[in-house]
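Spelled out, the chains give:
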Amino acid sequence: MKMPDEGIQNLKKDKLDANIIIPIISDNPNITNYPGFGNSFYYKAGTRVCIHLGIKVDSTEWEFVFHLPEGCRPYGLVQKTLCGSSLLKSTGVQLSQNGDIYVQTDTNYACGDFEFDAFN
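Numbers given for residues are sequential positions, taken from 1 along each chain in its written order. Local features in this predicted model are restricted to residues of pLDDT 70 or higher, and side-chain atom pairs are both shown and tallied only at a pLDDT of 80 or more, whereas totals for entire chains, interfaces and linings draw on every residue. Note that water and hydrogens are dropped before the side-chain values are worked out from all heavy atoms of the structure.

Another point: the packing of aromatic side chains. Only the six-membered ring of Trp is used, alongside the rings of Phe and Tyr, when aromatic pairs are assigned; centres must lie within 6.5 Å, and planes under 30 degrees apart are stacked while those over 60 apart are edge-to-face, with the rest tilted. One pass over the full model with this rule turns up 5 aromatic pairs. Taking the centre distance of 5.1 Å and the plane angle of 75 degrees together, the rings of Tyr-34 and Phe-37 count as edge-to-face. The classification of residues rests on relative accessible area computed with a 1.4 Å probe and restricted to protein chains. Under 20% of the type maximum is buried, over 50% is exposed, and intermediate values are partly exposed. With a relative accessible area of 29%, Tyr-34 lands in the partly exposed category. Within the aromatic cluster, the residues linked to one another by ring pairs are Tyr-34, Phe-37 and Tyr-109.

Structure follows, in structure tokens:
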């Protein structure tokens, strides 16, 4: 099992600067970062934007998570299925062209990574 610092070291080794990792902190009271799933962050390398969500969701409705800045937004709608605390329940994420990230889960947790290209 890798310790969190090892992951950062691997990014440096692979010539990705660890300083490019930007934490995602939601101002939605129903969304909190969950350390057990690695919290939430994003980074951009070239045209590729990588997002990791590790959150606790105190709702079963679609909830707003975060708004990505210009230059890190997809060309079109991105929809993904993520893991939750149960593989038998659904957990989904939507990222719109304007940078809004929404999540819906029946398990109160969402964890996963997704990538897309963002062209300026």
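We are not done yet, so read on.
This part is about the pattern of salt bridges. Within this document, salt bridges are pairs made up of a side-chain nitrogen of Lys or Arg and a carboxyl oxygen of Asp or Glu, the two lying within 4 Å of each other. Scanning the model with the defined rule gives 3 salt bridges in all. Across the pair Arg-48 and Asp-117 runs a salt bridge, and its minimum N-O distance is 3.1 Å. Highlighted residues: Arg-48 in strand S4 (residues 48–57) and Asp-117 in strand S9 (residues 109–117), separated in sequence by 69 residues. Residue classification places Asp-117 among the partly exposed residues on the basis of a relative accessible area of 32%. Where Lys-56 meets Asp-58, a salt bridge forms, and the shortest distance between an N and an O atom there is 2.6 Å. Taking relative accessible area as the criterion, Asp-58 reaches 40% and is therefore assigned partly exposed. Because the salt bridges share partners, they merge into one network encompassing Arg-48, Glu-115 and Asp-117. The numbering of helices and of strands both runs from the N terminus, where a helix is a DSSP run of H or I of at least 4 residues and a strand a run of E of at least 2.

A separate point is the nonpolar core. Residue types Ala, Val, Leu, Ile, Met, Phe, Trp, Tyr and Cys, when buried and joined through side-chain atoms within 4.5 Å, form a set referred to as a nonpolar core. Counting residues in each nonpolar core, the largest one holds 22 residues, and the members touching the most others are Ile-51, Leu-53, Val-65, Leu-68, Ile-101, Phe-114 and Phe-116. Taken together, the elements giving at least two residues each to this core come down to S4, strand S5 (63–67), strand S7 (91–95), strand S8 (100–105) and S9. The greatest single-element share of this core, amounting to 5 residues, is contributed by S4. Apart from residues no more than four positions distant in its own chain, Leu-53 is found in contact with Ile-24, Asn-39, Ser-40, Val-65, Leu-82, Val-93, Ile-101, Ala-110, Cys-111, Gly-112 and Phe-114. By definition in these notes, contact holds between two residues if any of their heavy atoms fall within 4.5 Å.

All right, on to the sheet that holds S7 then. Strands are treated as partners if at least two bridges between them are detected by DSSP. If you trace the 4 strands from one edge of the open sheet to the other, you get S5-S8-S7-S6, paired in antiparallel fashion. The open sheet has two free edges, formed respectively by S5 and strand S6 (78–81), since each of these has just one partner strand. Each adjacent strand pair in this sheet contributes to an overall mean axis angle of 20 degrees, direction not counted. Lines fitted to C-alpha atoms define the axes here, with helix axes fitted over just the stretch in contact, and angles between the N-to-C directions of these axes take values from 0 to 180 degrees.

Without other data, these values stay purely geometric and don't point to any function.
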